[in-house]
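# Observations on the three-dimensional arrangement
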Amino acid sequence: MPSLSDIRQTFLGYFEKNGHRVVESSPLVPRNDPTLMFANSGMVQFKNLFTGVETRDYQRATTAQKCVRAGGKHNDLDNVGYTARHHTFFEMLGNFSFGDYFKEGAIPFAWELLTKEFDIPRHRLLVTVYHTDDEAAAIWKKVAGLSDDRIIRIPTSDNFWQMGPTGPCGPCTEIFFDHGDSIPGGPPGSADEDGDRFIEIWNLVFMQNEQFEDGSMRALDMQSIDTGMGLERIGALLQGKHDNYDTDLMRALIEASANVTSVDPDGPGKVHHRVIADHLRSTSFLIADGVMPSNEGRGYVLRRIMRRAMRHAHMLGATDPVMHKLVPALVRQMGAAYPELTRAQAMIEETLRSEETRFRQTLDRGLRLLDDELAKLPDGADLPGETAFKLYDTFGFPLDLTQDALREKGRGVQIEGFDAAMAEQKRMARAAWSGSGEAADARIWFELADKHGVTEFLGYDTEEAEGQVMALVIDGAEVAEAAAGTKVTIVVNQTPFYAESGGQVGDAGLIRTETGAARVADTKKVAGVFLHQAEVTAGVISRGQGAQLAVDHERRGAIRANHSATHLLHEALRGVLGEHVAQRGSLNAPDRLRFDFSHNSALSAEEMTRIEAEVNSFIRQNSPVETRLMTPDEARALGAQALFGEKYGDEVRVVSMGVHPGSGKGADGAAYSLELCGGTHVARTGDIGAFVLLGDAASSAGVRRIEALTGQAALDHLRAADRRLGEIAGILKAQSADVVNRVRALADERKALANEVAQLKRQLAMSSGGASEAEEVAGVRFIARRVEGVGGKELGALVEEMKASLGSGAVLLLAEDGGKATVAAGVTPDLTGRISAVALVQAATAALGGKGGGGRPDRAQGGAPSLAAAETAFQDARKIIEDSK
Ligand code: SER
């Protein structure tokens, strides 16, 4: 009996030998389609090949594609577990032709594979075609020899395949397997077609149209083929089973579930095991493709599926988290075909364990509340919407989980009440919003959030993605389009652009649509809506268009390095300065980082050196930077650094990096740095490149501010400093290593020379006069002189020398040096009782247009604007001496 792995291989091998390129499954999160939540069929990754927008070096391809159908047009979540063939995750086998063969090729391939390779008896097969498709009917007749009653014409959309509300589409032909009359049910198109006798196994789509949002459709230039066959269905058939969950692969997962819960896989707990097996696959593959549980968008779909599985595990009586224990069984079954699953195994287990631990804290209480409320209701009545909302809001029960729980009791939820309670909560959140002074303008963003939902951020995993333009806003008002030269805020449904928060600046980059391009200068967010602040640079951008969003890679790379370096810096500061260091603010810009932290004194050169060295040692360690989601309490228990006084939601991202030397452990409990952070980070610490501290300064009382550079900016900084040093060495004609000694020697020499010069100047002044030039004023020998080239300090010494040469008398000296005038006076001790040097200085200063001056009676000094009135100053001083008689 072939295993599912064998069947996958036979399929791909058959088409490979028929000229098809075997192409890997694309990730579950489509990179090329903003309108689609998850890859829901094999053709998604080829969408642009069908429409002719893209070409590749092959025209025929075959894939086994990972698919999730749990939201949007193709949503199977509600039925999973209760039916034989519904899954949230499944593999779709497909063959594709891009303008190569069409119906005449696709039908014979399918027929040959089924009847020859898979050896399915021909009389068990029948087909449907779109009611107007005579061509397909004729080919079937010719190739398979099917009688007319086995080629059923279907007039409904069942035989017209569409990927979603927009995109390539076309009529299809479906191949059915007849399980025989022991099973009730009629052929497709009959009244009892919903029975289980006739099962669709393969859908061949004749891609020939493209559907647009406004409802119009155009014929594609080329005719192509897209086929899809669920591996689980064909597997069941070839393994002689009627139920997909009885195939080898699904059975192995069900048995793993039975083992960890010790509950019979086929007893009354059967449905629960099936739900768990299916949801294990979708959640694990989604996590492997970068989706993390959250309360928005894809993350919320993941959370809903996870929590649904967890409730079923709880119903099986499991008292501890079980989902993570099933991951090894899944990896054994599918890890070889999908290596990404093996690579992400640890992260999948960790995410499931943490989510289940958290959810279990409220699950019991929520279920009890549900039972109490049901007991109050009349028999069979639906649950009031407000109760379902309370379960959602307080206990983390997604609506479909509550519906699933009620389904077993044959009841539903009053949806209107739930919607009303949700709307009321949003209204209150809006009323409570206090933004940064833009409250009046903010209304429009709340309205957009209500209308289109919040923006989904894709930028943790990618810097380029497609989004859909949901709104264009100019000066607070929505517009339908914006033309070149206009400044406009662009809102899209999903974006790789990071919106400014947590100290990390918003991203810049480019947004392109079919008709125009815009340069984004900054990105902010209000009410969960990302605001791309842009200027249209070419053409026109219109609401509703698909858009290519590309973050400025170099700029983001630099921001990322700075942000990760900030985490290492924070830890190094705590290590070197002490545990009292706490973050008070930060800026992670492309050109530098800034970090404010609590600390009382300036950092010494030695502390700076140690901090810088420690950060650089963890950069060189080049250990992976890891991000996990957990509750704030779990994060604190791990020792994560959180911002004091910050309010966190019920889950937080914890970024860990660096390994303590010698601990031998990865970035878990032993991580060097562990911080709550929503920012974007490097993949490995080595990506930071280098780290240079620029210096620290006081920011406010008890808070220091440090600036630093990383990567190329750090190297540029060091290079520039080195170049300056080289220049200095050149001037000194010395080696760089000798520069410090040489400069110190020069400074000493200069000081000595300056002293010598001052002394010489005094000598010069003395030699040109002294006692010999004294005049007699009222019996006092008085020297009044202007000296050149002597500074304030030397003037005092000169006054003393002149006093000594006089023996008895008074001195008044004026000097001008470097644009500053100085007045100095001295009186010998025998005369200070009669004349004060202070009075002489003050009189002279006043005469020179200055004010003040002071000292002692025997010596005083002052300053003045200039010496223009020097003669008056001397005159006024003489007058004081005369008056003292
Ligand atoms: N796109 C079609 C489907 O999903 C055929 O692959 O059924």
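Criteria and cut-off values
Residues numbered from 1 in each chain as written. Predicted model: local features only at pLDDT ≥ 70, side-chain atom pairs only at ≥ 80, totals over all residues. Heavy atoms only, no water. Helix = DSSP H or I, 4+ residues; strand = E, 2+ residues; numbered from the N terminus. Buried < 20%, exposed > 50% of the residue type's maximum accessible area, 1.4 Å probe, protein only. Contact = heavy atoms within 4.5 Å. Lys, Arg positive; Asp, Glu negative; His and termini not counted. Charge placed at Lys NZ, Arg CZ, Asp CG, Glu CD. Salt bridge = Lys/Arg side-chain N within 4 Å of Asp/Glu carboxyl O. 1 Å grid on protein atoms, 1.4 Å probe; cavity = no way out; pocket = protein on both sides within 12 Å on 5 of 7 lines; lining within 4 Å. Points joined across faces, edges and corners; volume = space filled by probe spheres on them. Nonpolar A, V, L, I, M, F, W, Y, C, P; charged D, E, K, R; others polar. Pairing = 2+ DSSP bridges. Axes fitted to C-alpha atoms, helices over the stretch in contact; angles between N-to-C directions. Near = heavy atom within 4 Å. Polar contact = N/O pair within 3.5 Å; in protein donor to acceptor, adjacent residues only side chain to side chain. Areas by Shrake-Rupley, 256 points an atom, 1.4 Å probe, with all protein chains shown as cover. Sits in = over half its atoms within 2 Å of the grid points. Expected span 1.5 Å × (residues − 1). Phe/Tyr/Trp six-rings, centres within 6.5 Å; stacked < 30°, edge-to-face > 60°. Lys NZ or Arg CZ within 6 Å of the ring centre and 35° of its normal. pLDDT = per-residue confidence, 0-100. Parallel < 35°, antiparallel > 145°, perpendicular 65-115°, else oblique. Left-handed = near helix turned anticlockwise from the far one by under 90°. Right-handed = clockwise from strand over helix to strand, strands pointing away. Core = buried A, V, L, I, M, F, W, Y, C linked by side-chain atoms within 4.5 Å. Patch = residues over 30% accessible without salt bridge, like charges linked within 9 Å, V, L, I, M, F, W, Y side chains within 5 Å.

A count of helical and extended segments in the protein gives 23 helices and 32 strands. Expressed as a percentage of its 885 residues, the buried residues of the protein come to 53%. Sequence separation of 24 or more characterises 68% of the internal contacts of the protein that already satisfy a separation of 6 or more. Positive and negative charge centroids in the protein, built from 97 and 123 side chains respectively, lie 5 Å apart.

With that settled, consider the pattern of salt bridges. A side chain of one charge can pair with a side chain of the opposite charge when the charged atoms of the two come close. Counting across every chain of the model gives 53 salt bridges. Salt-bridge contacts for D133 lead to K103; the nearest nitrogen and oxygen are separated by 2.9 Å. Separated by 30 residues along the polypeptide, D133 in the loop between β4 (125-130) and α4 (134-144) and K103 in helix α3 (residues 103-117) bring together distant segments of the chain. For D133, a relative accessible area of 6% translates into the label buried. Here K103 falls in the buried class, since its relative accessible area comes to 4%.

This brings us to the layout of surface pockets. Space inside the second largest pocket adds up to approximately 1,300 Å³. In this structure, the second largest pocket is lined by 45 residues; those nearest its centre are R69, H86, E174, E200 and R233. The residue inventory of the lining of the second largest pocket, partitioned by class, reads 15 nonpolar, 17 polar and 13 charged.

Ordered in space as β20-β21-β26-β25, the four strands form an open sheet in which the pairing is antiparallel. Single-partner strands in this sheet number two, and they are β20 (583-588) and β25 (691-700). Pairs of neighbouring strands in the sheet enclose a mean axial angle of 15°, with direction left out of account. Here strand β21 (residues 593-598) pairs with strand β26 (residues 703-710) via six bridges, running antiparallel. In the strand pairing of β26, D596 is matched with R705.

Looking now at the site of the ligand. Near the ligand the following residues occur: S41, M43, R69, M92, W161, N203, V205, D226, T227 and G228. Within the side chain of W161, a nitrogen or oxygen atom sits 3.3 Å from an oxygen atom of the ligand. G228 is positioned with one of its backbone polar atoms (N or O) 3.1 Å from an oxygen atom of the ligand. Taking 230 Å² as the accessible area of the ligand by itself, protein coverage stands at 95%. Under a 2 Å grid-point criterion requiring more than half of the atoms, the pocket assigned to the ligand is the second largest pocket. Counting only elements with at least two residues in the shell around the ligand, the list comes to β8 (198-211) and β9 (217-230). Among the residues making up the shell around the ligand, the classes are represented as four nonpolar, four polar and two charged.

Attention now goes to helix α7 (residues 270-288). Here α7 spans 27 Å end to end across 19 residues, near enough to the 27 Å set by a 1.5 Å rise per residue. Counting buried residues in α7 gives 17 out of 19 residues, a clear majority hidden from the surface.

Turning our eyes to something else, we now look at the environment of G195. Among the structural elements, G195 can be located in the loop between β7 (167-178) and β8. In this structure G195 touches P184 and G185, once residues within four positions along its chain are discounted.

Once that is clear, we can look at the packing of aromatic side chains. We describe a pair of aromatic rings using the distance from one ring centre to the other and the angle between the two ring planes. All chains considered together, the criterion is met by 27 aromatic pairs. Considering the side-chain rings of Y14 and F15, the 5.0 Å spacing of their centres and the 85° angle between planes classify their relative orientation as edge-to-face. Judged by its relative accessible area of 2%, Y14 falls in the buried class. Given a relative accessible area of 0%, F15 falls into the buried group. Judged by centre distance (5.3 Å) and plane angle (55°), the rings of F50 and F98 are tilted. Of this pair, F50 sits in helix α2 (residues 47-50) while F98 sits in the loop between β3 (89-97) and α3, and the two are 48 residues apart along the sequence. For the pair F50 and F98, one class covers both residues: buried. Directly above the aromatic system of Y82 lies the positively charged group of R407, at a separation of 4.0 Å from the ring centroid. Above the face of the Y460 ring, R653 is positioned so that its terminal group lies 3.4 Å from the ring centre.

When pLDDT is averaged across the protein, the result is 90; 96% of the residues are at 70 or more. Low pLDDT, under 50, characterises residues 665-669; the stretch is placed with 11 contacts to residues that sit more than four places away or in other chains.

Under the definition given, this model contains three cavities of 30 Å³ or more. Reported here for the largest cavity is a volume of approximately 50 Å³. The wall of the largest cavity is formed by R85, H179, I199, I201, R233, A236, L237, K241, H242 and N244. Within the residue set of the lining of the largest cavity, elements represented by two or more residues are β8 and α5 (231-238).

The next point concerns the packing of α7 against helix α11 (residues 345-376). Running from N to C, α7 and α11 cross one another at 120°; their axes reach a closest spacing of 9 Å. As far as their axial angle goes, α11 and α7 are oblique. Taken as a pair, α7 and α11 cross one another with a handedness that is right-handed. Across the interface between the two elements, L280, T283, S284, I287 and A288 of α7 pack against M347, I348, T351 and L352 of α11. Tallied by class, residues from the contact of α7 with α11 come to six nonpolar, three polar and no charged.

Our focus in this paragraph is unusual backbone geometry. In this structure, D119 takes a positive phi of about 60° despite not being glycine. Within the secondary structure, D119 sits in the loop between α3 and β4. Even without being a glycine, S262 presents a positive backbone phi close to 55°. Assignment of secondary structure puts S262 in the loop between α6 (248-261) and α7. A residue is classified by how much of its surface remains accessible, and S262, at 67% relative accessible area, is exposed.

Take the pairing of strand β28 (residues 780-788) next. Relative to β28, strand β27 (residues 775-777) runs antiparallel, the two being bridged by three bridges. For E775, the partnering residue across the bridge sits in β28 and is F782. From the end of β27 to the start of β28, which pair antiparallel, there are two residues, and A778 there has a positive phi angle of about 45°. In this fold, the crossover linking β28 to strand β29 (residues 810-817) by way of helix α21 (residues 792-806) has right-handed handedness.

Glancing now at the nonpolar core. By size, the foremost hydrophobic cluster in this structure holds 106 residues, and its most contacted members are L114, W140, W202 and I234. With sequence-adjacent residues up to four places away left out, W140 is seen in contact with I107, W111, V127, V129, G145, L146, I151, T173, I175 and L204. Within the second largest apolar cluster, 29 residues are counted, among which are L569, F597, V682 and F691.

With that settled, the discussion passes to α3. For α3, with 15 residues, the first-to-last C-alpha span of 20 Å sits near the 21 Å given by 1.5 Å per residue. For α3, the complete set of buried residues consists of K103, G105, A106, I107, F109, A110, W111, L113, L114 and T115.

What follows deals with a negative patch on the surface. Where like charges cluster on the molecular surface, the negative patch consists of D158, D192, E193 and D194. Mapped onto the fold, D158 is located in the loop between β5 (151-154) and β6 (160-162). Taking the relative accessible area as the measure of exposure, D158 reaches 47% and is therefore partly exposed.

Considering the arrangement of structural elements, one finds R69 in the loop between β2 (60-68) and β3. In this structure, the C-alpha to C-alpha distance between R69 and S282, residues 213 residues apart in sequence, is 9.1 Å. Among the polar contacts listed, one links the side chain of R69 to the backbone oxygen of N40, at a separation of 2.9 Å.

Further remarks concern the side chain of D226. With respect to the secondary-structure elements, D226 resides in strand β9. Comment: no salt bridge for buried D226; closest opposite-charge side chain is R69, at 8.6 Å. Beyond its immediate stretch of four places on either side in the chain, D226 contacts M43, F50, N95, F96, W161, N203, L204, V205 and M207.

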